[in-house]
Amino acid sequence: MLNRFTADYLESLGHADFAPRPKVCGRLASFDGLLMEAVGLTLPVGTVCAVGGDNGSNRVEAEVIGFRNGRTLLMNLGGPAPLLPQSPVRPIGPPGEAEVGAALLGRVVDGAGKPIDGLGPVRGAQKWPLAGKLQNPLDRGRVLEPLDVGVRAINGLLTIGQGQRVGIMAGSGVGKSVLLGMIVRAAKADVIVIGLIGERSREVADFLETKVAGEARARSVVVAVPANHSPVLRIRGALRATAIAEQFRAEGKKVLLIMDSLTRVAHAGREIGLALGEPPSARGYPPSAIAMLPNLIERAGTCVSSGGSITAIYTVLADGDDGNDPVVDSARSILDGHIVLSRALAERGVYPAINVGPSVSRVMTDIVSADHAKAARVLRRHLATYEENRDLVLMGAYRAGADPAIDRAIACHGAVMEYIRQDANEVVPLDVAVAELVGVFGDG
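Scope of this entry: the structure provided in the associated data block.

Reading the values: the criteria
- Residues numbered from 1 in each chain as written.
- Predicted model: local features only at pLDDT ≥ 70, side-chain atom pairs only at ≥ 80, totals over all residues.
- Heavy atoms only, no water.
- Helix = DSSP H or I, 4+ residues; strand = E, 2+ residues; numbered from the N terminus.
- Buried < 20%, exposed > 50% of the residue type's maximum accessible area, 1.4 Å probe, protein only.
- Contact = heavy atoms within 4.5 Å.
- Areas by Shrake-Rupley, 256 points an atom, 1.4 Å probe, with all protein chains shown as cover.
- Salt bridge = Lys/Arg side-chain N within 4 Å of Asp/Glu carboxyl O.
- Pairing = 2+ DSSP bridges.
- Polar contact = N/O pair within 3.5 Å; in protein donor to acceptor, adjacent residues only side chain to side chain.
- Expected span 1.5 Å × (residues − 1).
- Axes fitted to C-alpha atoms, helices over the stretch in contact; angles between N-to-C directions.
- Parallel < 35°, antiparallel > 145°, perpendicular 65-115°, else oblique.
- Left-handed = near helix turned anticlockwise from the far one by under 90°.
- Nonpolar A, V, L, I, M, F, W, Y, C, P; charged D, E, K, R; others polar.
- Patch = residues over 30% accessible without salt bridge, like charges linked within 9 Å, V, L, I, M, F, W, Y side chains within 5 Å.
- Lys, Arg positive; Asp, Glu negative; His and termini not counted.
- Charge placed at Lys NZ, Arg CZ, Asp CG, Glu CD.
- Core = buried A, V, L, I, M, F, W, Y, C linked by side-chain atoms within 4.5 Å.

1. A few points about the overall build of the protein
Point 1. Each helix and strand counted, the protein has 15 helices and 17 strands in total.
Point 2. With respect to the principal axes defined by its C-alpha atoms, the protein has extents near 105 × 50 × 40 Å.
Point 3. Across the 444 residues of the protein, 50% fall into the buried class.
Point 4. Considering only residue pairs separated by 6 or more positions, the protein has 72% of its internal contacts joining residues 24 or more positions apart.
Point 5. Accessible surface, the protein as shown: approximately 20,300 Å² in total, 55% of it carbon and sulfur.

2. Thoughts on the pattern of salt bridges
Point 1. One pass over the full model with this rule turns up 19 salt bridges.
Point 2. The partner of Glu-99 in a salt bridge is Arg-240, and the shortest N-O contact between them spans 3.1 Å. Highlighted residues: Glu-99 in strand β7 (residues 97-100) and Arg-240 in helix α6 (residues 231-250), separated in sequence by 141 residues.
Point 3. Taking relative accessible area as the criterion, Glu-99 reaches 24% and is therefore assigned partly exposed.
Point 4. Measuring nitrogen to oxygen at the nearest pair gives 3.4 Å for the salt bridge that ties Asp-206 to Lys-211.
Point 5. Overall, Asp-206 belongs to the partly exposed group, its relative accessible area being 29%.
Point 6. Three or more residues joined by partner-sharing salt bridges are found here, namely Glu-37, Arg-68 and Arg-71.

3. Some remarks on the pairing of strand β5 (residues 71-76)
Looking along a regular strand, one sees the side chains alternate between the two faces of the sheet.
Point 1. Burial analysis of β5 places five of its six residues in the buried class, which makes it a mostly covered element.
Point 2. As defined by bridge partners, strand β2 (residues 35-39) adjoins β5 across four bridges and the pair is classed as antiparallel. In the sheet register, Ala-38 faces β5, and the bridge partner there is Thr-72.
Point 3. Across six bridges, the pairing between strand β4 (residues 59-68) and β5 is antiparallel. Counted as the bridge partner of Arg-68 is Arg-71 from β5.
Point 4. Connecting the antiparallel pair β4 and β5 is a turn made up of two residues, with Asn-69 showing a positive phi of about 55°.

4. Some details on the side chain of Ser-261
Point 1. Tracing the backbone shows Ser-261 in the loop between β13 (254-260) and α7 (262-275).
Point 2. Since its relative accessible area comes to 1%, Ser-261 is described here as buried.
Point 3. Here Glu-199 takes part through its side chain, which lies 3.5 Å from a polar atom of the side chain of Ser-261.
Point 4. There is a polar contact of 3.3 Å between the side chain of Ser-261 and the backbone nitrogen of Arg-264.
Point 5. Sequence-distant contacts of Ser-261, defined by excluding residues within four places in its chain, comprise Ile-197, Glu-199 and Thr-315.

5. As for α6
Point 1. Counted at 1.5 Å a residue, the expected span for α6 with its 20 residues is 28 Å, and the 29 Å between its end C-alpha atoms agrees.
Point 2. Counting buried positions along α6 yields 18 of 20 residues, so the element is predominantly enclosed.
Point 3. Measuring from the side-chain oxygen of the N-cap residue of α6 to the backbone nitrogen of Val-232 gives 3.2 Å; that N-cap residue is Ser-230.
Point 4. Positive backbone phi, at 90°, marks Gly-252, one or two positions downstream of α6.

6. Points about the packing of helix α12 (residues 370-388) against helix α14 (residues 404-420)
Point 1. The contact between α12 and α14 brings their axes to 8 Å, and the two run at 110°. Taken together, the axis directions place α12 and α14 in an arrangement best described as roughly perpendicular. The two elements α12 and α14 cross, and the hand of that crossing is left-handed. Contacts from Leu-379, His-382, Leu-383, Thr-385, Tyr-386 and Glu-387 of α12 reach α14 at Ala-405, Ile-406, Arg-408, Ala-409, Ile-410, Cys-412, His-413, Val-416, Tyr-419 and Ile-420.
Point 2. In terms of residue class, the contact of α12 with α14 is built from 11 nonpolar, three polar and two charged.

7. Digging into a positive patch on the surface
Point 1. The grouping of Lys-374, Arg-377, Arg-381 and Arg-408 at the surface amounts to a positive patch.
Point 2. Here the element with the most residues in the positive patch is α12; it accounts for three residues.

8. Observations regarding the nonpolar core
Point 1. Ranked by size, the top nonpolar core spans 59 residues in total, and within it Ile-154, Ile-183, Ile-194 and Leu-256 carry the most contacts.
Point 2. Element by element, the count of residues in this core is highest for α12, at six residues.
Point 3. Core analysis: the second largest hydrophobic core is formed by 53 residues, Val-221, Ile-244, Val-265 and Val-316 among them.

9. With respect to the sheet that holds strand β6 (residues 88-93)
Strand pairing in a sheet relies on backbone hydrogen bonds, with the paired strands running either antiparallel or parallel.
Point 1. Ordered by their spatial adjacency, six strands build a closed barrel running β1-β2-β5-β4-β3-β6, and the pairing between neighbours is antiparallel. Averaged over all pairs of adjacent strands, the angle between strand axes in this sheet comes to 45°, irrespective of strand direction.

10. Side note on the packing of α14 against helix α15 (residues 430-441)
Point 1. Two numbers describe how α14 lies on α15: the axes approach to 12 Å, and their chain directions differ by 175°. Judged on the interaxial angle alone, α15 and α14 are roughly antiparallel. Each of Cys-412, Ala-415, Val-416 and Tyr-419 in α14 lies in contact with α15, whose residues at this interface are Ala-433, Val-434, Glu-436, Leu-437, Val-440 and Phe-441.
Point 2. Its residues assigned to classes, the contact of α14 with α15 comprises nine nonpolar, no polar and one charged.

Take a look at the structure:
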């Protein structure tokens, strides 16, 4: 028995196709706290490497982000480590793959795909390219069906369609995260993929316990990469969330992709671009940081072949409440609609603080009835007329009866604001929101 085992074992070792491969290893030549330079190895961009000794406490992971003068440039994916000059650099992972599939439902992972919810490893996951699969523009279907998000003002005035890409644009502290929570709880979608990119660590636990609790948690996947993580991990988190949504769309599912926030992704791209020596152009953003946004946003949408769709909602932070911020302006030009939140409305106690005037859904006319569209236009007209003459009315300079349009706008203003207001825990279905809108403003 032993002789036969030995013979079989030795015979298996003697196969002609066996070829020993040397272990690839380079050396750390430079490290300034963010950017590493390694010599002695050639690896494709995106490869994950281990830098440091074999002791886990003295080793960090880094990703290859470029090349310069024969050196490989890497960026730290983890925290600080006592790295020394000439520390070994070894590749440990291929570039550009994400774990996807039903095994991730109900789980929370970080930017590297590692579970952080304490429920053990993710088993049975499939693989999908982090950068996505290039899609023929003609394989993109039109947006023809509305998506119920449970928010009266959005359902009635800014109706979102299945497969639409929408931005929620506002300054800090105006209510973007609360509005996202309202949408997550009420959205009629098969799967919800949430990317919490570059936000406060406290918000991750808060979002899970208050916004994605109960039934919504079982059909959700959360990718959480807080602000204190590496910029490469933040970008990987955004790519990972989009890749997970793409795989569910390929299965024919209706996916809602929430990303909070797109601006933090652009900030991460700015850090990497400046570290690579790119010249800052638009308010400190290098060209690559702004050019990255279309590559990310264009991956959402409908798919004709599978019948699935990714309805994407991105929050966009307007630095200093500036609507012409480069990220806001770029996102507005790419997205299929944008919802603007107003600090003035929030200060008046109107929540959600949706500024209906500058907000728009570019597919609304394709997915709503004629009566619905007409009633929405009437409300917009009354609101715009009131806002234009608000100062005159408050000063008492306007005399009732001087202009019938202003009189109607003043009379309807209370109904308009009541239509926009909604409690954070209240859910208003699409049909109810449309019925209220047409019932009050349908007669013009």
